[in-house]
Amino acid sequence: MRSISKFSMGIGDRFGMEGVAQLRAFQAALDRGVTITPVWNKSNREHSLIGTLPEDVRSEADTAVARCQWPGDHFVDADHIGLGTVDKFLVASDFFTIDVADAIGKPASGEAIAAYTAAMLPFLGALRIPGVAAPLSVTHASLTEIATKYLFAVEEAGRVYRHIAQSKGEGNFVTEVSFDEAQTPQTPAELFFILAAAARERIPVATVAPKFTGEFLKGIDYVGDIGRFTQEFEEDLAVLAFARKTFALPEGLKLSIHSGSDKFSLYPIMHQAIMKADAGLHLKTAGTTWLEEVIGLAAAGGDGLAFAKALYREAYGRYDDMAKPYLTVIAIDRQALPTPAEVDGWSAEAYVAALAHDQACPRFSIHFRQMVHISFRLAAEQRPRYLALLEANRASIEAHVFDNILKRHIEPLFLRIGV
Ligand SMILES: [Zn+2]
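## A word on the overall build of the chain
Summing up its helical and strand segments, the chain has 17 helices and 10 strands in all. Rg of the C-alpha trace for the chain: 22 Å, near the compact-globule value of 22 Å for 419 residues, within the 12% margin. Across its three principal axes, the chain shows a C-alpha extent of roughly 70 × 45 × 40 Å. For the chain, with 419 residues in total, the buried portion stands at 60%. If you take every contact in the chain between residues at least 6 apart in sequence, the share linking residues at least 24 apart comes to 79%. Put simply, the chain shows about 16600 Å² of open surface, and 53% of that area lies on carbon and sulfur atoms. Across the chain, the mean location of the 41 positive side-chain charges is 1 Å away from that of the 51 negative side-chain charges.

Structure (structure tokens):
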């Protein structure tokens with residue numbers, strides 16, 4: 001049975017050019033004694049916006065692994081797929097993120113709900129889960145409510161899982177089930193009974209992505225109540241450990257955090273919690289490697305800086321078009337954006353200072369950063385020119401990509417350096 005190591009991290013690379021630079025960051029962690037499995041993730045949405053195929057990600061990943069002589073496992077994640085979108089990922093992917101958030105609240109059949117709630121009767125009363133402060137109060141009514149809300153979604157995950165298994169063979173891929181795009185966070189009780197339902201569907205769930213309180217916007221830090229997040233995260237770790245034993249779920253079952261990248265205020269908290277609980281973790285990031293490419297180009301000055309400025313001018317003029325696929329995962333104040341004329345007047349240093357995610361820098365702008373982040377399609381529209389610029393500035397771009405993965409993500413989350 002294919003399984004994934006205790007720590008793993010999803011990396012995103014819009015143009016497939018930075019596989020080696022990213023993998024070197026994982027090698028640096030390995031040199032320090034910590035194995036983190038790299039997972040190249042790209043969603044169907046991203047593939048269609050940029051005109052790439054799952055096979056492109058597979059070839060980038062395999063090429064990087066061969067070139068770096070990476071000694072461990074690596075995976076290619078079909079990110080946020082469902083029955084309607086999974087087929088084109090079946091050959092290239094060996095990690096599948098089954099997204100059933102849209103199925104939440106759709107009713108399962110009366111018989112299915114009755115059978116499920118009957119099977120859950122042993123948990124009626126005050127359910128004590130080690131690591132969860134208050135016992136969970138489980139009643140007939142609460143069981144029916146959870147079943148009505150989530151059972152159909154888990155059944156749907158089962159249908160998608162069996163469809164994948166039919167094609168790839170059971171045990172040949174890693175399965176994630178994601179609820180992170182749900183409307184509301186799942187309570188500990190909901191997560192526990194969702195995992196029970198997944199076990200009954202015989203889904204060998206390796207990673208599960210719940211929705212947490214607060215906002216996980218693309219490329220910027222967490223927005224929300226850190227105290228509440230900490231409690232939810234610790235309780236979810238406890239629920240997973242307990243559910244794993246209770247329902248004989250896979251040994252390595254762990255949380256997957258769809259971080260949107262750069263959740264600097266949460267990494268130390270997550271680090272402490274996983275060390276305390278001796279738990280694993282999968283951290284998905286959001287393709288901000290693309291921003292490191294723009295930073296590398298801007299820093300180079302000359303044609304690179306001119307491209308970065310022209311890109312911003314175009315993005316600014318096509319704001320609605322750029323923002324449309326991302327409205328729920330960005331928070332751009334258009335009034336706070338610099339005008340293209342202002343940006344045209346910037347030096348290389350000024351452009352980099354506005355874009356690079358250094359919260360202590362007074363010139364850093366989360367609005368400018370998000371705007372550039374969602375505008376990768378504009379580089380795809382001039383792909384040959386963009387790729388030529390990436391080639392011409394290889395060394396500086398790779399240094400930015402490597403530093404971003406290692407110093408901003410791996411070190412604070414998995415190695416606890418720089419917090
Ligand atoms: Zn997600």
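## Some thoughts on the packing of helix 9 (residues 289-300) against helix 13 (residues 348-355)
In the contact formed by helix 9 and helix 13, the axes pass within 8 Å of each other and the chain directions differ by 160 degrees. As far as their axial angle goes, helix 13 and helix 9 are roughly antiparallel. Between helix 9 and helix 13 the crossing geometry is left-handed. Contacts from Leu291, Val294, Ile295, Ala298 and Ala299 in helix 9 reach Ala348, Tyr351, Val352 and Leu355 in helix 13. For the contact of helix 9 with helix 13, a count of residues per class yields nine nonpolar, no polar and no charged.

## Details of the coordination of the zinc ion
Around a metal, the ideal angle is 109.5 degrees if four donors adopt a tetrahedral arrangement and 90 or 180 degrees if six donors adopt an octahedral arrangement. Surrounding the zinc ion are the protein donor atoms His80 (NE2), Asp180 (OD) and His258 (ND1), at 2.0 to 2.2 Å. Counting along the primary sequence, the residues that act as donors to the zinc ion give the motif H-x99-D-x77-H. Of the two residues, Asp180 sits in the loop between strand 7 (174-178) and helix 6 (188-200) while His258 sits in strand 9 (residues 254-258), which places them 78 residues apart along the sequence. The pair formed by Asp180 and His258 is uniform in burial state, with each residue classed as buried.

## Describing the pairing of strand 2 (residues 37-43)
Of all the seven residues making up strand 2, seven are buried; the element is thus mostly covered by neighbouring parts of the structure. As paired elements, strand 1 (residues 7-11) and strand 2 share four bridges and run parallel to each other. When the sheet's bridge partners are listed, Gly10 is paired in strand 2 with Val39. Between strand 1 and its parallel partner strand 2, the chain crosses via helix 1 (residues 19-31), and the hand of that crossover is right-handed. The sheet contact formed by strand 2 and strand 3 (residues 75-81) spans five bridges and is parallel. What sits directly across from Lys42, in strand 3, is Ala78.

## With respect to the pairing of strand 9
Taking burial as the measure, the five residues of strand 9 include five buried ones, the bulk of the element. Here strand 8 (residues 205-209) pairs with strand 9 via two bridges, running parallel. In the sheet register, Thr207 faces strand 9, and the bridge partner there is Lys254. Pairing of strand 9 with strand 10 (residues 281-284), which is carried by four bridges, proceeds in the parallel orientation. Across the sheet, residue Ser256 finds its bridge partner in strand 10, namely His282. For the handedness criterion, the β-α-β arrangement of strand 9, helix 8 (residues 267-277) and strand 10 is classed as right-handed.

So, how was this worked out
- Residues numbered from 1 in each chain as written.
- Predicted model: local features only at pLDDT ≥ 70, side-chain atom pairs only at ≥ 80, totals over all residues.
- Heavy atoms only, no water.
- Helix = DSSP H or I, 4+ residues; strand = E, 2+ residues; numbered from the N terminus.
- Rg over C-alpha atoms; globule rule 2.2 N^0.38 Å.
- Buried < 20%, exposed > 50% of the residue type's maximum accessible area, 1.4 Å probe, protein only.
- Contact = heavy atoms within 4.5 Å.
- Areas by Shrake-Rupley, 256 points an atom, 1.4 Å probe, with all protein chains shown as cover.
- Lys, Arg positive; Asp, Glu negative; His and termini not counted.
- Charge placed at Lys NZ, Arg CZ, Asp CG, Glu CD.
- Axes fitted to C-alpha atoms, helices over the stretch in contact; angles between N-to-C directions.
- Parallel < 35°, antiparallel > 145°, perpendicular 65-115°, else oblique.
- Left-handed = near helix turned anticlockwise from the far one by under 90°.
- Nonpolar A, V, L, I, M, F, W, Y, C, P; charged D, E, K, R; others polar.
- Donors = N, O, S within 2.8 Å, 3.2 Å for Na, K, Ca; no water.
- Pairing = 2+ DSSP bridges.
- Right-handed = clockwise from strand over helix to strand, strands pointing away.

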